[in-house]
Amino acid sequence: MLQQENEAGSFIYQHPKYKEIEKYELRNKEQLKAASLVYLDLCEAKQWWNLDLHPCCELDLVFISGHATRHTPRELVLPLPRGCTVTPSDLQTYLHTLNLESYHTSGITMAIMDTDSTTVYYKISDGLVPPASPETTEKKKLYHTERINKRRIDVIASVNKYIEKKRRSDSSNETEGSKTEHIIETHGTL
């Protein structure tokens, strides 16, 4: 049983992205594994766009950049293994050190990964981030409500289409059944 768990957990060491990260020659192997798994989570489960891996030799870390949706700005994600101690000064260091040339960000997202690959995402920023304006909040609510209503309408249309198709199928089966009965009555047998 333990051997199966080790084999299942070792798939990441064979993955091409892990191999790519290994080429950065960083010493923090736990963070490399976390970076690989977070990369896969963002790519496969969260369906982020244009993901890239970036080494930070100064901090001996790998971070990820990408777009949460097609139309959102690029975000920076710092994968960290569970049990990694992070102090307020570490947060400041991450905020001021992790960056991309010609790209400014107001914060980063820490992705803290447990040993079972459960990941918790925390957005951190330098200083206080003002809340969205009431107009922006209202637009988001309206957009969300419109999306839900559109989905409801689409589901109802699909259900009605299925019901109509089923009725046609049932009525054609009844018609064929009555044709067979008519042939039997007319000729006595088939």
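Rules of the game
Throughout, a residue's number is its position along its own chain's written sequence, starting from 1. The predicted origin of the model limits local features to residues at a pLDDT of at least 70 and limits the giving and counting of side-chain atom pairs to 80 or more, whereas totals for whole chains, interfaces and linings rest on all residues. Hydrogens are left out, water is left out, and the side-chain values use all remaining heavy atoms of the structure. UniProt positions are given in the numbering used here, feature names are shortened, and annotations may be inferred rather than shown by experiment. Only runs of H or I of at least four residues qualify as helices and only runs of E of at least two qualify as strands under DSSP, and these elements are numbered from the N terminus. Salt bridge, as used here: a side-chain nitrogen of Lys or Arg that lies within 4 Å of a carboxyl oxygen of Asp or Glu. For every residue, the accessible area obtained with a 1.4 Å probe (protein chains only) is divided by the maximum for its type, and the residue is called buried under 20%, exposed over 50%, and partly exposed between those limits. Here, strands pair whenever DSSP counts at least two bridges between them. Axis angles are defined between N-to-C directions and span 0 to 180 degrees, where every axis is a line fitted to C-alpha atoms and, for a helix, only to the segment in contact. We call two residues contacting when some pair of their heavy atoms lies within 4.5 Å. What makes a nonpolar core is a set of buried Ala, Val, Leu, Ile, Met, Phe, Trp, Tyr and Cys residues whose side-chain atoms join them at distances within 4.5 Å. Per-residue confidence from the predictor is given as pLDDT, running between 0 and 100. Each patch is assembled from residues with relative accessible area greater than 30% and no salt bridge, linking like charges that lie within 9 Å and nonpolar side chains (Val, Leu, Ile, Met, Phe, Trp, Tyr) that lie within 5 Å. With residues, only the protein chains shown are counted as cover, and all accessible areas are computed by Shrake-Rupley using a 1.4 Å probe. If you view a crossover with the strands going away from you and the path from the first strand over the helix to the second runs clockwise, you call it right-handed.

Naming follows an unreviewed UniProt entry, where the chain appears as tRNA-splicing endonuclease subunit Sen15 of Mizuhopecten yessoensis. As its UniProt record puts it under Sequence similarities (unreviewed entry), the chain is described as follows: "Belongs to the SEN15 family."

A. Representation of the environment of Val129 within the structure. Structurally, Val129 is set in the loop between β5 (119-125) and α6 (134-187). In this structure the C-alpha to C-alpha distance between Val129 and Ser106, which are 23 residues apart in sequence, comes to 8.8 Å.

B. Structural detail: the pattern of salt bridges. This model, assessed by the stated rule, comprises six salt bridges. Notably, a salt bridge pairs Glu164 with Arg168, separated by 3.6 Å at the nearest N-O pair. With Glu164 and Arg168 both in helix α6 and four residues apart, the pair spans about one turn of that helix. On the basis of relative accessible area, Glu164 is assigned to the partly exposed category, the value being 34%. A residue is classified by how much of its surface remains accessible, and Arg168, at 56% relative accessible area, is exposed.

C. Region of interest: the sheet that holds strand β3 (residues 75-81). With mixed pairing, the five strands of this open sheet are ordered in space as β1-β2-β3-β4-β5. The sheet terminates laterally at β1 (49-56) and β5, the two strands that pair on one side only. On average, adjacent strands in this sheet sit at an angle of 30° to one another, irrespective of strand direction. Sitting on the sheet, helix α4 (residues 29-45) touches β1, β2 (61-67), β3, β4 (107-113) and β5, and the angle it makes with β3 is about 130°. The strands that helix α5 (residues 88-97) touches are β1, β2, β3, β4 and β5; relative to β4, the one it contacts most, it runs at about 125°.

D. Region of interest: the nonpolar core. Formed by 20 residues in total, the largest nonpolar core has its most connected members in Val38, Leu42, Val62, Ile64 and Val77. Every element with two or more residues in this core is listed here: α3 (16-22), α4, β1, β2 and β4. Top element by residues in this core is α4. It accounts for eight residues. Excluding its chain neighbours within four sequence positions, the residues that come into contact with Val62 are Ile21, Tyr24, Leu26, Gln31, Leu32, Ala35, Leu53, His54, Pro55, Leu78 and Pro79. Of all hydrophobic cores here, the second largest spans 13 residues; its members include Phe63, Leu76, Leu78 and Ile124.

E. Summary view of the confidence of the model for the chain. Looking at the chain as a whole, the pLDDT averages 82, with 86% of positions reaching at least 70. The lowest-confidence element of the chain is helix α1 (residues 2-9), averaging 43 in pLDDT; the highest-confidence one is β3, averaging 92. Of the regions scoring below 50 in pLDDT, residues 1-8 engages in zero contacts with residues more than four places distant in sequence or in other chains.

F. Geometry of a nonpolar patch on the surface. On the surface, a nonpolar cluster with roughly 370 Å² of combined accessible area is contributed by Val155, Val159, Tyr162 and Ile163. As for its position among the elements, Val159 is in helix α6.

G. Molecular detail of the side chain of Thr97. By the secondary structure assignment, Thr97 is in helix α5. Excluding anything up to four places from it in sequence, Thr97 contacts Cys56, Glu58 and Leu59.

H. Examining the environment of Glu20 more closely. Here Glu20 is to be found in helix α3. Separated by 16 residues in sequence, Glu20 and Ser36 place their C-alpha atoms 9.4 Å apart.

I. Looking closely at the pairing of β4. The element β4 is extensively covered by neighbouring structure, given that six of its seven residues are classed as buried. In the sheet, β3 pairs with β4 via five bridges, with the strands oriented parallel. Looking across to β4, one finds that Pro79 is bridged to Ala111. For the segment spanning β3, α5 and β4, crossover handedness is right-handed. Examined bridge by bridge, β4 and β5 share seven bridges and lie antiparallel to one another. Each residue of the ladder has a partner; that of Ile108, found in β5, is Ile124. Adjacent in sequence and paired antiparallel, β4 and β5 are bridged by five residues, among which Ser117 carries a positive phi angle near 70°.

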